[in-house]
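Residue-level listing of the chains:
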Amino acid sequence: MSTVTVAHHEEHHDHPTGIMRWLTTTNHKDIGTMYLTFSLIMFLVGGSMILGIRAELFKPGLQLMNPDFFNQLIGIHALIMIFAALMPAATGFANWMIPLQIGAPDMALPRLNNWGFWLLPPAAILLTLPFTLALFGIGDGALATGWTFYPPLSLQGGIGVDFAIFSVHLLGISSVMGSINIIVTLFNMRAPGMTLMKMPMFAWGWLITAFLLVATIPVLAGAVTMLLTDRHFGTHFFDAAGGGDPILFQHLFWFFGHPEVYILLLPVWGFIPQILQTFSRKPMYGYKAQVYSLWAIGALSVVVWAHHFFTAGMPVPALLYFMYSTMAISLPLAVLFFCWIKTMWRGSMSFETPMLFAVGWIILFGIGGLTGLVLADVAADAQYHNSYFVVAHFHYTLFAGGIMGIMAGVYYWLPKMTGHMYSEKLGKLHFWLTAISFNLTFIPQFFLGLAGMPRRIPDYALQFAEFNMISSIAAFVLGLSQLLFVYNIVSCIKGGKKATDKVWEGAEGLEWTLSSPPPYHSFTDQPVVK
Amino acid sequence: MQVLKKVGFGLGILLASLGAYADYSWNFPEPVTPMALDTLHVHNKFMLISMAIFLSVLAIMIYSIFAHRKSKGYKAVADKAPSTAVEIFWTLIPFAILLLIDFVIMGIPAYHSVVMMEDTRDKASMVIKITGSQWRWQYEYLDGDAQGIKFVSNLTTTNDQMNNAADKGENYLLEVDNPLVLPVGEKVRILMTASDVLHNWWVPQFGSSRLAVPGFIRETWVQVEKPGTYRGQCKELCGKGHGYMPVVVNAVSMEEYKTWVAAKKEEQAKAIAGADKEWTKEDLMAEGKKVYEKNCAVCHQVTGAGLPPAFPAITGSKISISPIFGEDGKYLPDSHMDRVLNGKNVMPAWKATLNDTEIAAVITYERNALGNSVGDVVQPSQVKAARQ
Ligand code: HEM
Ligand SMILES: [Cu+2]
Ligand SMILES: [Cu+2]
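Enquirer: Would you mind going over the overall build of chain A in detail, with residue names and values included?
Expert: Along the backbone of chain A there are 18 helices and 0 strands. The C-alpha radius of gyration of chain A comes to 23 Å, within 12% of the 24 Å expected for a compact globule of 530 residues. If one aligns the C-alpha atoms of chain A with their principal axes, the spans along those axes are about 70 × 55 × 45 Å. Looking at chain A residue by residue over its 530 residues, the buried ones come to 65%. Pairs at least 24 apart in sequence give 82% of the contacts found in chain A among residues at least 6 apart. As presented, chain A carries roughly 17,100 Å² of accessible surface, and 72% of it is formed by carbon and sulfur atoms.

What follows is the structure in structure tokens.
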């Protein structure tokens, strides 16, 4: 009896069990698990919403929903995917892996960490509550402005806009707390001997993301707060009749919004090279060049925001400045691509699921990057802007570049986190279904955009019918394929072949020196890096 | 390899199934203005360059994926950082190429395109003003013979067509009652604004698109080189009717344009004359029904039931059944006249959009139909007086 208590004590330090364990936990692995689980659930929620949209767009005419409901769906889909699926996934990995990778026993600020996570579920509820109520005929629904909140439309909207504003506040606070934690951890808790320039690339990606978040989230919070006071307290920041300017909001929003794109991607750019080196069985190429490029992209990302609204009207010098500065981002990005491919080159490669996702990711994200470059051309952008071309472009960056990168990370680290191997067969099937149906969903959207179909419309002219139909069918295949992913993860958590400590033959780094799964408290004796 | 066969197969199916639609557009529609032509060139050039980059990098990757496999017994070869001058030179070459593409091959023409796009005044032979409002475009000719011509352009696709209860016409969702008419070959300066939220006036074949911002004037221009009917759409999310505010432009020869201007002027003169005469209730009701269904039914619904709480009902609404004029003959604040002329919150102000007759008719209609039966009549002359 007493031995049992002792063993329990050893393991959990008197931590409560059941739901209270999760509510009060300050353990980085528990919190990481919660972030990742939350992210997966919200990914499915946001995905089902957009399948509703794709079903409506299957053929011309209004079939399933009215235009107002349609507008609510697209905006909530995007907010969920960005803030509740992609960001928490990256934060989940940070929590799990950064302490393991830098040889720290935990994150520097564990209580803050707990709070950072537990702000997310209320935020998600605030975001979706008005929408859910409207499904049952109560109230006038969620915000119907798209995820960008542009006034004056958002000044007209119902209470759903206020809910979304508060939700963004909570999400922002959570992100800033997570970022502060990561910055403090990385600066103070690295194992002796691990200089900054020896940090794993994932830690670098996150460090820059964290700085960007701390710098830009307050601007977003300010912008939506101004919106709130315009709506309810008689201010006129965005109302020309009172001396304000609706375009001011776009400047503030995208001052956050463009860095946000890199915030979502930098962590992925961090761990993809680690995956590539593992499965190429040779160290990543150009570590320093990659680190400097990440910094360069981080810095450039805060000075290019106005390329999101070239057609709003700007003086010629401003147009030229934002065009050329945007093009300049392609240089450090090219360095990264060069290093990634050079890491594969003359390696001894094998193609387990994480590697498949990583290589597919390079190709698809490449398409996103190249189409982004042409969007920088002001004159051509007048055509692309707000057309389906842009929708396709940002899904190549956010779905392929973001979510598919995260999937590579999931397959890569899942055996370490659970101690079991996932099913390689299902993993590969998941990859091929995802990659193919993703392309079939979004390639047609490039052509739709060129042909002149605007985004955010619930119904379209007959000439757009065929491509929309293909895109909708493929989107359903894409959506259903993700059930394989969920199944694979769940069965891997439940059991399966035991994973070795190193898991992958070519894996390098401190996280692979621990057992799989790692003990609840790892690195109680600090490792030393030479 | 397996993998690539599958990808190739998938893409093959895609291309084959689409190839069936031979006349289907794979690129921008035929450009008819200098701007659109310029854009098409930029786009084509860039797509070629990026395809070339993409395919060559892909080829390198595919080679590596085949050749450098563990299963083939390939042993990893350690990388060396470039050290000699020659090696560094070769490493820098790709970046020199990229610099060249970004800032010379793309960058220099882009500079000229921007300058051309923003030069709205030079050699412009006429000026029009376009106002976006929920959910219709309003056109006004500001100078020349056509000065003073002003009209609203509404979608003509019916609700039945949208709800799949009737066949959809060829120009489903891209058809309007009053298209904008422009002479070919003339540079037209466009002043763009909005009355409520952001809108964006876009015709793909023109290559110009500009945000319409309430309270501000933005500028752009078009010079249509080829007669024809060109269709586009609003491309800034502007509420529930965003998908339903198409742009239709008739580009015609100068003679046809002059004839159209003359006819339009006559029509407007008649409408003004009509405002001075006394109208019968029947005529007002008939005209009012038309005006209502075209302009008001999107929000207040054809039946007058509205969509509460966003859009109030007209049927039985306090404003629609209480008196309009005070004892001094002036209209009361918050009366039916006040609301329709001046709007409130989301309810648009109609005084700049509808003429005296239309406003008189629609008020009369709302008070004596849609389940209301107040009995009174508003004459155009009263609206004219109310505007003062
Ligand atoms: C199953 C996969 C997905 C499909 C089929 C899909 C499809 C769509 C569609 C059809 C739209 C509406 C376009 C419009 O009418 O304007 C849209 C909007 C959007 N999606 Fe996705 N999407 C998917 C996943 C994602 C993911 C993973 C992200 C980001 C992490 C994302 C971010 C966005 C954003 C930012 C918008 C813009 C919303 C707006 O207009 O405000 N999507 N998506
Ligand atoms: Cu951006
Ligand atoms: Cu619109």
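Enquirer: Pulling in residues and values, what's your account of the pattern of salt bridges?
Expert: For the structure shown, the criterion picks out 16 salt bridges over all chains. Residue A:D30 is joined to A:R21 by a salt bridge in which the shortest nitrogen-to-oxygen separation is 2.7 Å. Among the salt bridges present, the one from B:K294 reaches B:D177, with a minimum N-O distance of 3.1 Å. Linking B:K294 in helix α6 (residues 281-300) with B:D177 in the loop between α4 (159-162) and β4 (180-183), this pair joins segments that are 117 residues apart in sequence.

Enquirer: Give me the coordination of the iron atom of ligand 1: which residues, what numbers.
Expert: Taken together, the protein ligands of the iron atom of ligand 1 are A:H77 (NE2) and A:H395 (NE2), with distances of 2.1 Å. Judged by relative accessible area, which is 16%, A:H395 ranks as buried.

Enquirer: With reference to specific residues and values, describe the nonpolar core.
Expert: With 206 residues, the main nonpolar core has A:F149 and A:W269 as its most contacted residues. Broken down by element, this core gets its largest block of residues, 23 residues, from helix α4 (residues 67-102) of chain A. A domain split of this core shows at least three residues from each of domain 1 (24-118) and domain 2 (126-269) of chain B. One finds B:I130, B:L182, B:V197 and B:C299 within the second-largest nonpolar core, a separate group that totals 40 residues.

Enquirer: I'd like a description of the site of ligand 1, backed by residues and values.
Expert: Residues and elements named next belong to chain A. Around ligand 1, the structure places 22 residues, and the nearest of them are H77, W147, H395, R455 and R456. Taking H77, its side chain carries an N or O atom lying 2.8 Å from a nitrogen atom of ligand 1. Contacts to ligand 1 include W147, whose backbone N or O atom sits 2.9 Å from an oxygen atom. Of all elements in the fold, only α3 (28-56), α4, α16 (388-418) and α18 (465-494) reach the threshold of two or more residues within the shell around ligand 1. The element best represented in the shell around ligand 1 is α16, accounting for 7 residues. In terms of residue class, the shell around ligand 1 is made up of 16 nonpolar, 3 polar and 3 charged.

Enquirer: Any details on the domain arrangement of chain B? Residues and values, ideally.
Expert: All names here are of chain B. Here the domain parsing of chain B yields domain 1 (24-118), domain 2 (126-269) and domain 3 (275-387). Placing the centre of domain 2 and that of domain 3 at their C-alpha centroids yields a distance of 26 Å. The interface of domain 2 with domain 3 comprises 8 residues on the first partner and 9 residues on the second. Summed over both partners, the interface of domain 2 with domain 3 comes to about 780 Å²; 51% of that surface belongs to carbon and sulfur atoms.

Enquirer: Describe the sheet that holds strand β1 (residues 126-133) of chain B, and please don't skip the residues or the numbers.
Expert: Residue and element names in this part refer to chain B. Read from one edge to the other, the open sheet built from 5 strands follows the order β3-β2-β1-β5-β8, with strand pairing classed as mixed. Sheet topology places β3 (150-153) and β8 (218-222) at the edges, where each strand pairs with a single neighbour. Ignoring strand direction, the axes of neighbouring strands in this sheet form an average angle of 25°. With 7 bridges connecting them, β1 and strand β5 (residues 188-194) associate as parallel partners. If you follow G132 over to β5, its bridge partner there is A194. The sheet contacts of helix α5 (residues 254-276) involve β1, β2 (136-141) and β3, and relative to β3 the element is tilted by about 95°.

Enquirer: So what about the coordination of the copper ion (ligand 2)? Which residues, and what values?
Expert: All names here are of chain A. Bound to the copper ion (ligand 2) are the protein donor atoms H258 (ND1), H307 (NE2) and H308 (NE2), situated 1.5 to 2.2 Å from the metal. Along the chain, the residues that donate to the copper ion (ligand 2) are spaced as H-x48-H-H. With H258 in helix α10 (residues 246-280) and H308 in the loop between α11 (287-301) and α12 (316-328), this residue pair connects regions lying 50 residues apart in the sequence. The class of H258 is buried, set by a relative accessible area of 6%.

Criteria and thresholds
- Residues numbered from 1 in each chain as written.
- Chains lettered and ligands numbered in written order.
- Predicted model: local features only at pLDDT ≥ 70, side-chain atom pairs only at ≥ 80, totals over all residues.
- Heavy atoms only, no water.
- Helix = DSSP H or I, 4+ residues; strand = E, 2+ residues; numbered from the N terminus.
- Rg over C-alpha atoms; globule rule 2.2 N^0.38 Å.
- Buried < 20%, exposed > 50% of the residue type's maximum accessible area, 1.4 Å probe, protein only.
- Contact = heavy atoms within 4.5 Å.
- Areas by Shrake-Rupley, 256 points an atom, 1.4 Å probe, with all protein chains shown as cover.
- Salt bridge = Lys/Arg side-chain N within 4 Å of Asp/Glu carboxyl O.
- Donors = N, O, S within 2.8 Å, 3.2 Å for Na, K, Ca; no water.
- Core = buried A, V, L, I, M, F, W, Y, C linked by side-chain atoms within 4.5 Å.
- Domains from an automatic or database assignment.
- Near = heavy atom within 4 Å.
- Polar contact = N/O pair within 3.5 Å; in protein donor to acceptor, adjacent residues only side chain to side chain.
- Nonpolar A, V, L, I, M, F, W, Y, C, P; charged D, E, K, R; others polar.
- Buried area = accessible area lost by both parts, 1.4 Å probe.
- Pairing = 2+ DSSP bridges.
- Axes fitted to C-alpha atoms, helices over the stretch in contact; angles between N-to-C directions.

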